[in-house]
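Analysis of the macromolecular model
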Amino acid sequence: IRCIDIGCGANCIYPLLGVSVLGWRFIGTEVDPESVAAARQNVGFNHMEERIEIRQVPLDKIARGSGAYPAVALPCVLPPKS
């Protein structure tokens, strides 16, 4: 199963769990460059680069859905903290 986590954050927890527990593949997206770097580091620490791809996506592409997201079987989205 190929999944996408929109707004994966620095910890990238859902992709890491999805790969380690279920063996799924993930694309994690994030707008914040520091969070992208930390998420990529976490993926590397867990040796999951073959199963998890982290993408930095500009906020305007998220809002418009302008091709930033490929076809996936399962989207994961949590609302941002207010």
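Note that this is a predicted model, so its numbers are computed, not measured.

Counting its secondary structure elements, the protein chain contains three helices and four strands. Each helix and strand of the protein chain, placed in order from N terminus to C terminus, yields the pattern β-α-β-α-β-α-β. Counting the 82 residues in the protein chain, one finds 32% classified as buried. A separation of at least 24 residues holds for 64% of the contacts in the protein chain among residues at least 6 apart in sequence. Surface exposure of the protein chain reaches about 5,200 Å², of which carbon and sulfur atoms provide 57%.

A few words on the confidence of the model for the protein chain. Per-residue pLDDT for the protein chain has a mean of 84; in total, 73% of the residues score no lower than 70. Considering each helix and strand of the protein chain separately, the mean pLDDT is smallest for helix α3 (residues 59-64), with a value of 65, and largest for helix α2 (residues 33-45), with 97.

Moving on, we come to the pairing of strand β1 (residues 2-6). Relative to strand β2 (residues 25-30), β1 is paired through five bridges, and the arrangement is parallel. Each bridged residue has a counterpart across the sheet, and for Arg-2 the counterpart in β2 is Arg-25. For the crossover that starts at β1, traverses helix α1 (residues 13-22) and ends in the parallel β2, the hand is right-handed.

About the thresholds
Residues numbered from 1 in each chain as written. Predicted model: local features only at pLDDT ≥ 70, side-chain atom pairs only at ≥ 80, totals over all residues. Heavy atoms only, no water. Helix = DSSP H or I, 4+ residues; strand = E, 2+ residues; numbered from the N terminus. Buried < 20%, exposed > 50% of the residue type's maximum accessible area, 1.4 Å probe, protein only. Contact = heavy atoms within 4.5 Å. Areas by Shrake-Rupley, 256 points an atom, 1.4 Å probe, with all protein chains shown as cover. pLDDT = per-residue confidence, 0-100. Pairing = 2+ DSSP bridges. Right-handed = clockwise from strand over helix to strand, strands pointing away.

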